[in-house]
Amino acid sequence: MEKLRSALREFASARKWQPFHTPKNLCMALSVETAELTEIFQWMDSEESRVVDTTTLQHIAEEIGDVMIYLTMLADKFDLDPLNCAKQKILLNAEKYPHP
């Protein structure tokens, strides 16, 4: 995770994009990229969404990459590790929704 965070910082720095990477802007970009991922599946039924062709799979991978990038950059603004956040949320969900 740290390698990704570092690579994203370097990428943005080289392009002088830091002034635009406010938490608000990153959150909005994350939402847009999530919507682009959603759009791929918009008119598929449940079964169609389970097996996709190579081109669609590549498109899904690219949009997941975009989502991961913006999520990581947003988390980095608050010195949060998305993997640790997910692990903690799983623990909270286990308490909220105990195994029957």
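For clarity, every value in this text was computed on a predicted model and none was experimentally measured.

Trainee: Whenever I open this one, the overall build of the protein chain confuses me. Can you help?
Mentor: Helix and strand counts for the protein chain stand at five helices and zero strands. Since a compact globule built from 100 residues should have a radius of gyration of about 13 Å, the 16 Å found for the protein chain marks it as more spread out than a globular shape. A burial count over the protein chain gives 19% of its 100 residues as buried. If you take every contact in the protein chain between residues at least 6 apart in sequence, the share linking residues at least 24 apart comes to 71%. Side chains of the protein chain give 11 positive and 16 negative charges; the mean places of these two sets differ by 11 Å.

Trainee: Could you clarify how one ought to interpret the layout of surface pockets in this entry?
Mentor: In this approach, a probe sized like a water molecule rolls over the atoms, and the result shows the empty space that is left. Within this model, the largest pocket holds a volume of roughly 190 Å³. Around the largest pocket sit Leu 8, Phe 11, Ala 12, Trp 17, His 21, Asp 66, Ile 69, Tyr 70 and Met 73, which together line it. At the level of secondary structure, the elements contributing two or more residues to the lining of the largest pocket comprise helix 1 (2-14) and helix 4 (54-77). The element contributing the most residues to the lining of the largest pocket is helix 4, with four residues. As a volume, the second largest pocket reaches approximately 150 Å³.

Trainee: For this particular structure, what's the right way to read the side chain of His 21?
Mentor: Structurally, the position occupied by His 21 is in the loop between helix 1 and helix 2 (23-41). By relative accessible area, His 21 is classed as buried at 13%.

Calculation notes
- Residues numbered from 1 in each chain as written.
- Predicted model: local features only at pLDDT ≥ 70, side-chain atom pairs only at ≥ 80, totals over all residues.
- Heavy atoms only, no water.
- Helix = DSSP H or I, 4+ residues; strand = E, 2+ residues; numbered from the N terminus.
- Rg over C-alpha atoms; globule rule 2.2 N^0.38 Å.
- Buried < 20%, exposed > 50% of the residue type's maximum accessible area, 1.4 Å probe, protein only.
- Contact = heavy atoms within 4.5 Å.
- Lys, Arg positive; Asp, Glu negative; His and termini not counted.
- Charge placed at Lys NZ, Arg CZ, Asp CG, Glu CD.
- 1 Å grid on protein atoms, 1.4 Å probe; cavity = no way out; pocket = protein on both sides within 12 Å on 5 of 7 lines; lining within 4 Å.
- Points joined across faces, edges and corners; volume = space filled by probe spheres on them.

Nothing here speaks to function; it is all geometry.
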